[in-house]
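Below are the chains, spelled out letter by letter.
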Amino acid sequence: MHDMDHRLLSALRDCGCDARVAAAARALSQAGEHGALWIVAGLAGAAVDRERRGAWLRGTALTATAHLASMGVKRVVRRPRPSGNAGIKPLVRTAGLHSFPSSHATSAAAATVAFGALSPLGARVVPPLAAAMCVSRMVVGVHYPSDVAAGAALGALTARVGSAWMNGSREND
């Protein structure tokens, strides 16, 4: 697994040699810092879709909760970023030193599950944007593929577990 993680990261990081790919990856990485893109999207959904405002706000809270959960896991696992031990030169600065799981992937997957359930537009727009954000973290050289996969799984699971609450069900109370 370790060797495959390094080989995939190297291949994706090489894509960042193209200036246009690097610029797009940097922009996605910056937009996803601390789950910002997804929180803004959720708040915009709440502002526009008054009928389901509460569900949008709860979906946004689930996305933020998933992001916080990933930060907690990082503090326990403490896996160094690729630049620390794989000789990968990152294209962006990071907020922290630890890599596992990717918090960008966590919040992106949580938003995909939560917002996709709330809107047909969300179901069409969020998944490809979230996938691009996940890939961007490897292109900029700050996450291994296993970091991204684990983050996406954590985010999807968090949103799925909270979906009844998000939709206003009292079953989880």
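Residues numbered from 1 in each chain as written. Predicted model: local features only at pLDDT ≥ 70, side-chain atom pairs only at ≥ 80, totals over all residues. Heavy atoms only, no water.

1. As for helix α7 (residues 120-139)
Consideration 1: Taking 1.5 Å of rise per residue, the 20 residues of α7 would be expected to cover 28 Å, and the 29 Å separating its terminal C-alpha atoms lies within 8% of that figure.
Consideration 2: For α7, every residue scored as buried is listed here: Gly 122, Val 126, Ala 130, Met 133, Cys 134, Ser 136, Arg 137, Met 138 and Val 139.
Consideration 3: Looking at the packing, one finds that the buried side of α7 touches α1 (2-15), α2 (19-31), α3 (36-48), α6 (103-118) and α8 (145-161).
Consideration 4: Here α7 starts with a cap whose side-chain oxygen sits 3.1 Å from the backbone nitrogen of Leu 121, and that cap is Ser 119.
Consideration 5: The positive-phi residue at the C-terminal boundary of α7 is Gly 141, with phi of around 80°. (Helix = DSSP H or I, 4+ residues; strand = E, 2+ residues; numbered from the N terminus. Expected span 1.5 Å × (residues − 1). Buried < 20%, exposed > 50% of the residue type's maximum accessible area, 1.4 Å probe, protein only. Contact = heavy atoms within 4.5 Å. Polar contact = N/O pair within 3.5 Å; in protein donor to acceptor, adjacent residues only side chain to side chain.)

2. Here we look at the pattern of salt bridges
A side chain with one charge may pair with a side chain of the opposite charge, provided their charged atoms come close.
Consideration 1: The tally for this structure, following the rule as stated, stands at 5 salt bridges.
Consideration 2: Among the salt bridges present, the one from Asp 49 reaches Arg 52, with a minimum N-O distance of 2.8 Å.
Consideration 3: We classify Arg 52 as partly exposed; its relative accessible area is 34%.
Consideration 4: Asp 147 is paired through a salt bridge with Arg 79; the nearest N and O atoms lie 2.8 Å apart. Remark: Arg 79 occurs in the loop between α4 (53-77) and α5 (82-85) and Asp 147 occurs in helix α8; sequence separation between them is 68 residues.
Consideration 5: Shared partners join several salt bridges into a network, and the residues in it are Asp 5, Arg 79 and Asp 147. (Salt bridge = Lys/Arg side-chain N within 4 Å of Asp/Glu carboxyl O.)

3. Notes on the packing of α3 against α4
Consideration 1: In contact at an axis separation of 8 Å, α3 and α4 are set at 170° when each is read in the N-to-C sense. It follows that α3 is roughly antiparallel to α4 by the angle criterion. Contacts from Trp 38, Ile 39, Ala 41, Gly 42, Leu 43, Gly 45, Ala 46 and Ala 47 in α3 reach Arg 53, Trp 56, Leu 57, Thr 60, Thr 63 and Ala 64 in α4.
Consideration 2: Looking at the contact of α3 with α4 residue by residue, the classes come out as 9 nonpolar, 4 polar and 1 charged. (Axes fitted to C-alpha atoms, helices over the stretch in contact; angles between N-to-C directions. Parallel < 35°, antiparallel > 145°, perpendicular 65-115°, else oblique. Nonpolar A, V, L, I, M, F, W, Y, C, P; charged D, E, K, R; others polar.)

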